[in-house]
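As a plain string of letters, each chain reads:
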Amino acid sequence: MELYLDSADINEIKHAFKLGFLSGLTTTPTFMHRHGITDIDGTIVELSNIVPVLQIEALGETAEEIVAEAKRQEKLGLDRETTVYKIPISMEGVKACKELTDQGFKVNIHLVYTLQQAYMAMQAGATYVCPLVGRLQDQGTDALSLIEQCVDAVNFYGYNTKIMFSSVRHVEHVRNAINIGVHTITVPWKVMKQLTENHFTEIGTRQFFEHTRLMTVRVKDIMNDHNPMVEEGATVTDCTVKMTSGGFGAVSVVNDKQEAIGIFTDGDLRRLIENEGASAVNKKMSELDLSKPLSVDAESLLIDAQSIFTEKKIDELVVTKNDKVVGMLDVQDIVKMNS
């Protein structure tokens, strides 16, 4: 099934065709008016150099006027093999379609609302027949049934015509088109962008990235540049200042060899003051029964650190290198990395 973009927004068109697999572009004078385009011919030439196939309007009151307009546009420098001239369905329109296709032009008979109109276009040799699904549904018409009937007619009678599903309003229309078996669909960019989206796909992709990071990123790569550390002679006040100034929830307590002998957390601070009163802030670290520090080497992968966090149900790990404290890793550091 051919996939066309339905647009007149130059920036949107350039962005969309970077995908590399769109079949072409359909556009209308209404779209151009909406985007403030006044130089229609200049825009048509610009678009013809951007997209593989361009479908543009060839308007006229009579078949002669329609044919003359298509030939005038071709003289702008358009390639007959990569340009499709869109003609609204009418008796004059199908007459012009026959004349143009006999001369090797490609024609899209559009604004089709009935099977009879589609039949006339097929009989006149239209390259494309384009019912407007969204507009038909707005009127309470069974547009999908019409599309299916058009496809069946092409397949049954062997017309060399492609049925184009147009006036696409939402992603469900694209699924409808695929199920019915249309030959072509033209889709606005806002809908096309949604075609690869799915909540469970997003979750799965995010998990893949998270797990890949855990298995490839090392602790040293995400730990804070600051090293919240005090020596065992420091007071509770010293620790509190260190935690507050750096925005940490804990500090490592080390001996004179810079080896971790404990960890003091904001939770320890609250419990200490609750049990011993305000004077407890003058106590030294060496006087406290500190929690035994759990550590991880700076060269370890994050998955190793995460395993310790999960198994021991803790929030902070002392980070060491050659048994010396070089920093601290908070469980939130891993969470932030994956957010």
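My aim in this report is to walk through the structure given alongside it, one point at a time. (Residues numbered from 1 in each chain as written. Predicted model: local features only at pLDDT ≥ 70, side-chain atom pairs only at ≥ 80, totals over all residues. Heavy atoms only, no water.)

1. Considerations on the sheet that holds strand β9 (residues 229–231)
Through backbone hydrogen bonds, the strands of a sheet pair up, either in parallel or in antiparallel fashion. Applicable threshold: What makes two strands pair is DSSP finding at least two bridges between them. Each helix is a run of H or I in the DSSP string that is no shorter than four residues. Each strand is a run of E no shorter than two, and both are numbered from the N terminus. Where helices are involved, their axes are fitted lines through C-alpha atoms of the stretch in contact, as for all axes, and angles between N-to-C directions lie from 0 to 180°.
Pairing is mixed in the open sheet, where three strands are placed in the order β9-β10-β11. The open sheet has two edge strands, β9 and β11 (260–265), and neither has a second partner. Between one strand axis and the next, the sheet turns through 30 degrees on average, direction left out of account. Sheet topology places β9 next to strand β10 (residues 250–254); three bridges connect them, and they run parallel. The partner of E231 across the bridge, within β10, is V254.

2. Considering the packing of helix α4 (residues 63–74) against helix α5 (residues 91–102)
Quick reminder of the rule: In these notes the angle categories are as follows: under 35 degrees is roughly parallel, over 145 is roughly antiparallel, 65 to 115 is roughly perpendicular, and the rest is oblique. When the near helix sits turned anticlockwise from the far one by under a right angle, the crossing is termed left-handed; a clockwise turn instead gives a right-handed crossing. The contact definition used throughout considers only heavy atoms, calling two residues in contact when any of these lie within 4.5 Å.
It is the contact of α4 with α5, at a shortest axis distance of 8 Å, that shows an interaxial angle of 45 degrees. Here α4 is positioned oblique relative to α5, judged by the angle of their axes. Of the two elements, α4 crosses α5, and the hand of that crossing is right-handed. Across the interface between the two elements, A63, E64, I66, V67 and A70 from α4 touch E92, G93, K95, A96, E99 and L100 from α5.

3. Quick notes on the pairing of strand β8 (residues 184–187)
Here is the rule: For each residue, the accessible area found with a 1.4 Å probe, counting protein chains only, is set against the maximum for its type, and the residue is called buried under 20%, exposed over 50%, and partly exposed in between.
Burial of the side chains of β8 extends over both faces: T184 and T186 are buried on one face and I185 and V187 on the other. The sheet contact formed by strand β1 (residues 2–6) and β8 spans four bridges and is parallel. Note that in β8 the partner of E2 across the bridge is T184. In the sheet, strand β7 (residues 162–165) pairs with β8 via two bridges, with the strands oriented parallel. Counterpart to M164 in the pairing with β8 is T184.

4. Things to note about the nonpolar core
Rules: Among buried residues, those of type Ala, Val, Leu, Ile, Met, Phe, Trp, Tyr and Cys that are joined through side-chain atoms within 4.5 Å constitute a nonpolar core.
Grouped together as the largest cluster of nonpolar side chains are 62 residues, with contacts concentrated most on L5, I109, M122 and I163. With seven residues, the single largest contributor to this core is helix α8 (residues 143–157). Contacts of I163, omitting those with residues within four sequence positions, involve M122, V129, P131, I147, C150, V151, V154, V182, H183 and T184.

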